[in-house]
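Each chain is listed here by its residues.
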Amino acid sequence: MSSQREQWGSKLGFILAASGSAVGIGNIWKYPSMAGQNGGGAFTIVYLACILIVGLSIVVAEFVIGRKTQLSPVGAFEKLAPGSNWKWVGFLGVASAFVILSFYGVVGGWILKYIIDSILGGFNNLSGNPEAAGAVFNGFITSTYSPVLYQVLFMGLCIFVIVQGVKGGIEKWSKILMPIIIVLLAVLAIRGMTLEGGMEGLSFLFNPRFEDLTASAIVLALGHSFFTVSLGMGTMITYGSYLNREQNLMTSALWVILLDTAIAMLAGVAIFTTVFALGANPAEGPGLIFVILPSIFPQLAGGTIWATLFFILLFMAALTSAISILEVVTAYFIDQKGWSRKKATIQFGSIITIVGVFCSFSLGGGVNLTGFLGMSFFDVMDYLSSKYMLPIGGMLTAIFILHKWGLKEYMNELREGMNNMSVPDKLVKTFLIIAATIVGFIIFNEIYFTIAGKALIG
Ligand code: PHE
């Protein structure tokens, strides 16, 4: 089977595809609002530490497992540990893909709607009026048909890209979209910094306010470091499985992490400089993007253009991530069930879209799904995946290497393609142990909190 397996066309294509997966709504929507609410620079320091210690180890681990086995997660674990229960880590990944893409597609739909609104000048009458912008946003997401329509459109685009395959779809589109994302974001960040008063936004984002950094913010930073680098559900295993032995997995992983972090920071700069220059409320949480920005863009010269560029950028970032999630599901049915790419993508893309429709409805659009676990179905999907499924998947991947597959075999595969770069076994082992321990403790703490009502820390 592996002789006909699809492959990336180039080293750069692979790095852009993997960073396209990493750079998404998490970087542009979630990170700035989380940092804003949880101590600015203090949150950023914890987030960076998590990415460097935990994130880097797991990205490399996923690449190595994928390239070694040339299979997506379920098949990969099965091949390395035949007949064992480890394949369930792979199944957990496929399940996470379902969960994440169902709500991710809904947000993707919102972004499409905001592109159209901004082009049509729909933000003009929200100028300087966040209450009005909030009412428009809430009215939209709690309605029945409109958000679903945009969600279906967004999911249709994902299916369209994935049906075209690894090189002709994922790689081609990542190579087109990633450079545009970087340029657009740089332009928006420069624009923000040159606004009068914009620099205050930088100190809000980067000055550490340790008094605002609670223990639960630390948990948030850890969970987010998985989400933002697309870890713990086999996305990077799947992308790694389309590689040949020439790729240097260590430098590739460093590139992915660097690009992901740089883009999150740039997004924070672009957003907070603009928010401060116009005297808006910086700590608005998720509403920052869909409420605050639409109320301040019209106050800028050329506001319609800036707003449109921003939402186009957000759309591109969301699309390159969403396709990577769908690819995990598609690759499972291709590798394990022998389905054609087209059949797997269309069938499961549609099923995920339907689950997503319920996520959207749960926000108020008719079907009452609210109340489950005390939050909407939409929030449940977000909460389950970022707080449990991804960290557990990542932790088990690290444990798998240490206890089942063996460090020696792992290092042999990692060293392929690394040329003269030397990485001591001990260092890799230490990083993997630290990653598994930190994540294990945090998950335990979360579960303890849910059951006992109080946390060990936080
Ligand atoms: N990394 C993506 C983001 O930051 C989300 C994602 C999570 C993509 C898990 C794939 C897998 O938005």
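Above this text is the structure in question.
Thresholds, definitions, all that
Residues numbered from 1 in each chain as written. Predicted model: local features only at pLDDT ≥ 70, side-chain atom pairs only at ≥ 80, totals over all residues. Heavy atoms only, no water. Helix = DSSP H or I, 4+ residues; strand = E, 2+ residues; numbered from the N terminus. Buried < 20%, exposed > 50% of the residue type's maximum accessible area, 1.4 Å probe, protein only. Phe/Tyr/Trp six-rings, centres within 6.5 Å; stacked < 30°, edge-to-face > 60°. Near = heavy atom within 4 Å. Polar contact = N/O pair within 3.5 Å; in protein donor to acceptor, adjacent residues only side chain to side chain. Nonpolar A, V, L, I, M, F, W, Y, C, P; charged D, E, K, R; others polar. Expected span 1.5 Å × (residues − 1). Salt bridge = Lys/Arg side-chain N within 4 Å of Asp/Glu carboxyl O.

> Would you take a moment to explain the environment of F204 for this structure?
Among the secondary structure elements, F204 is positioned in helix α9 (residues 199–206). For F204, a relative accessible area of 13% translates into the label buried. With 164 residues separating them in the primary sequence, F204 and G40 have C-alpha atoms 6.0 Å apart.

> When you look at the packing of aromatic side chains in this model, what are you seeing that I'm missing?
How two aromatic rings sit relative to each other is set out by the distance from centre to centre and by the angle between their planes. Taken as a whole, this structure holds 40 aromatic pairs when the rule is applied. Where F140 meets Y150, the ring centres are 6.1 Å apart and the plane angle is 75 degrees; that geometry is what we call edge-to-face. Pair noted here: F140 is in helix α6 (residues 130–141) and Y150 is in helix α7 (residues 145–163), with a separation of 10 residues, a long-range link. No difference in accessibility class separates F140 from Y150, as the two residues are buried.

> What is the right way to look at the site of the ligand in this model?
Taken together, 16 residues are adjacent to the ligand, and A22, G26, Y104, F227 and S230 come closest. Between the ligand and S21 there is a distance of 3.2 Å, counted from a nitrogen atom to a backbone nitrogen or oxygen. Contributions of two or more residues to the shell around the ligand are made by α1 (11–22), α2 (25–37), α5 (87–119), α10 (215–228) and α14 (303–337). In terms of residue class, the shell around the ligand is made up of seven nonpolar, nine polar and no charged.

> Whenever I open this one, α5 confuses me. Can you help?
One turn of an α-helix holds 3.6 residues; hence residues three or four places apart share an orientation. With 33 residues, α5 should reach 48 Å at 1.5 Å per residue; the first-to-last C-alpha distance of 47 Å fits that figure. Counting buried positions over the 33 residues of α5 gives 25, a clear majority of the element.

> For this particular structure, what's the right way to read unusual backbone geometry?
Trans peptide bonds make up most of the peptide bonds, and negative phi angles are found at most residues other than glycine. The backbone phi angle of Q70 is positive, close to 55 degrees, even though this residue is not glycine. Relative to the helices and strands, Q70 resides in the loop between α3 (41–69) and α4 (73–80). The class of Q70 is buried, set by a relative accessible area of 15%. For N419, which is not glycine, the phi dihedral falls at a positive 50 degrees.

> Hey, could you run me through the pattern of salt bridges in this one?
Following the criterion strictly, the structure yields 10 salt bridges and no others. Close ionic contact of K113 with D117 constitutes a salt bridge, the shortest N to O distance being 3.4 Å. Of this pair, K113 and D117 both sit in helix α5, four residues apart, roughly one helical turn. Accessibility classification places K113 together with D117 in one group, the buried group. Here D425 makes a salt bridge to R415, at a shortest N to O gap of 2.6 Å. You can see D425 sitting in helix α18 (residues 425–452) and its partner R415 sitting in helix α17 (residues 407–415), a full 10 residues away along the chain. With a relative accessible area of 30%, D425 lands in the partly exposed category. Looking at R415, the relative accessible area reads 36%, which means it is partly exposed. Look at the salt bridges and you will find they share partners, linking E6, E327 and R341 into a network.

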